[in-house]
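Summary of structural features
Here's the letter readout for the chains.
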Amino acid sequence: MASADRSARYTDYVKEALARRMPAIIGIAEEGQDAEAAKQLHAIARAVAADAPMVLDYAAWPVPGWEALPGRVNGKRPSEASFFDFEYWLYFRILKAVRYPETRNDPFRLTKHRDLTRHIDWAEQAIQKTHTLADALNLSLDANAHDLSQLSGPASAHDLGRELLRIEPAGLRRINIIADNFGGEFVADLVLATVAAEAGIEAVVHVKHLPMFVSDTTTDDIIILFDRLKPNTAFGHRLQAAVDGGKLRVTSNVFWAAPKFMDHVPLDELDSGDDVLNVLKGDLNFRRAIGDAVVPIETPFESLPILPAAPMLALRSIKSYCVAGMKVWPAGMSAESFPKDGSIATAQRIPARAT
């Protein structure tokens, strides 16, 4: 992990997450589970509360890409490990507790799909007001303000970097949308993909292979969403037409859910060239792109030891300690104790690592 300097910005966030946010997430996972799964989840909650040494048994885990994690977490306490590694350990343990490898029991599905009809109805209104690629990129950014793993929504609103979203479709051959949260954010991403496809751009939406981080979009979520689409609506009709016409597709690679930074992103998943736009959604994906760095917020991306293997246009609302590459900042706001509740919406271009 880059810069595990345990700054106040980092330590205060982790202390709050371990005390309040992680127990709440385990509680979300318990909804609808049987007695044995609930028992296992309670044991995980007690271990986190006690700051007990972590154990991760990789045996029988069916998904590649996790092989290095046991060596990074086993024997360490949550307060000692990097928060990045601890989070992946926690979600691994949650998925094992509900027997996901055997049953594909998504512990967060009830939470993710509770308001799906409302989100689809909202997309119906949104797509009719979204006329340009720039409009669609702004919509996709705005929809990232809140996710289901947060304890509260944004308390204020600050925009940074929106000028980067004034992109014309004429120079683009392909847009990759590396998705984040299901629900309102994901239907906004589908509006973006549909508008891009209608402009003649190949639109590829990349989703998770595993149900991670409470609200992450998975392939199973896509199936359920498409089953609920109404063909006589603008959103349903235009989305389905883009799919049927071969200009929009949804895909998944095990990398997107793996505990790895994006210097290892499989480039064959993204294609390459100046006419390809990689849209990176959400806070965790941003953290993965720059090695979860904890540095002064103005630190240039080019000076960081870890950068993605391909250039990214990162769209997120800030929900963690990980900030870099900031050339402007909200007036009067501290560069250390800024809000981490999604109040700050940012668009940033992250360069590819030097080859």
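For the structure, check the block above.
A quick note: this is a predicted structure, and the numbers were derived from the prediction, not measured. (Residues numbered from 1 in each chain as written. Predicted model: local features only at pLDDT ≥ 70, side-chain atom pairs only at ≥ 80, totals over all residues. Heavy atoms only, no water.)

Scanning the chain for helices and strands turns up twelve helices and seven strands. On C-alpha atoms alone, the chain measures out to a radius of gyration of 20 Å, which is about the 20 Å that the 2.2 N^0.38 rule sets for 355 residues. Contacts in the chain between residues far apart in sequence, at least 24 positions, make up 79% of those at least 6 positions apart. Per element, the accessible surface of the chain, about 14,300 Å² overall, is 53% carbon and sulfur. Counting 39 positive and 46 negative side-chain charges, the chain places the averaged centre of each group 2 Å from the other. (Helix = DSSP H or I, 4+ residues; strand = E, 2+ residues; numbered from the N terminus. Rg over C-alpha atoms; globule rule 2.2 N^0.38 Å. Contact = heavy atoms within 4.5 Å. Areas by Shrake-Rupley, 256 points an atom, 1.4 Å probe, with all protein chains shown as cover. Lys, Arg positive; Asp, Glu negative; His and termini not counted. Charge placed at Lys NZ, Arg CZ, Asp CG, Glu CD.)

Let us look at helix α9 (residues 184-198). Along its 15 residues, α9 runs 21 Å from first to last C-alpha, staying within 8% of the 21 Å computed at 1.5 Å per residue. Counting buried residues along α9, 14 of its 15 residues qualify, which places the element largely inside the surrounding structure. Looking one or two places after α9, you find G200, whose phi comes out positive at around 90 degrees. (Expected span 1.5 Å × (residues − 1). Buried < 20%, exposed > 50% of the residue type's maximum accessible area, 1.4 Å probe, protein only.)

Quick look at the pairing of strand β3 (residues 202-207) now. In terms of burial, β3 is a largely internal element, five of the six residues being buried. One ladder, built from five bridges, connects strand β2 (residues 174-178) with β3; its direction is parallel. Residue R174 lies in a different strand from β3, and its bridge partner there is E202. Considered for its hand, the β-α-β crossover made up of β2, α9 and β3 is right-handed. (Pairing = 2+ DSSP bridges. Right-handed = clockwise from strand over helix to strand, strands pointing away.)

What follows covers the packing of aromatic side chains. Counted by the stated rule, this structure contains 19 aromatic pairs. Ring geometry for Y91 versus F213: centroids 4.6 Å apart, planes at 35 degrees, classification tilted. Here Y91 is found in helix α4 (residues 83-97), whereas its partner F213 is found in the loop between β3 and α10 (219-228), with 122 residues between them in sequence. Here the two residues Y91 and F213 agree in accessibility, since each one is buried. An aromatic cluster of three or more residues is present, and its members are W61, W66, F84, Y88, Y91, F92, F108, F213 and F261. Here R288 stacks its cationic end above the ring of F255, 4.8 Å away from the centre of that ring. Here the basic side chain of K340 rests over the ring of F338, its NZ or CZ set 4.3 Å away from the ring centre. (Phe/Tyr/Trp six-rings, centres within 6.5 Å; stacked < 30°, edge-to-face > 60°. Lys NZ or Arg CZ within 6 Å of the ring centre and 35° of its normal.)

Right, let's get into the pairing of strand β7 (residues 344-350). For β7, the tally of buried residues reaches six of seven residues, placing the bulk of the element in the interior. Two elements, strand β1 (residues 158-160) and β7, share three bridges in a ladder whose sense is parallel. Across the sheet, residue H158 finds its bridge partner in β7, namely I344. The sheet contact formed by strand β6 (residues 312-317) and β7 spans six bridges and is antiparallel. Across the sheet, L313 pairs through a bridge with R349, a residue of β7.

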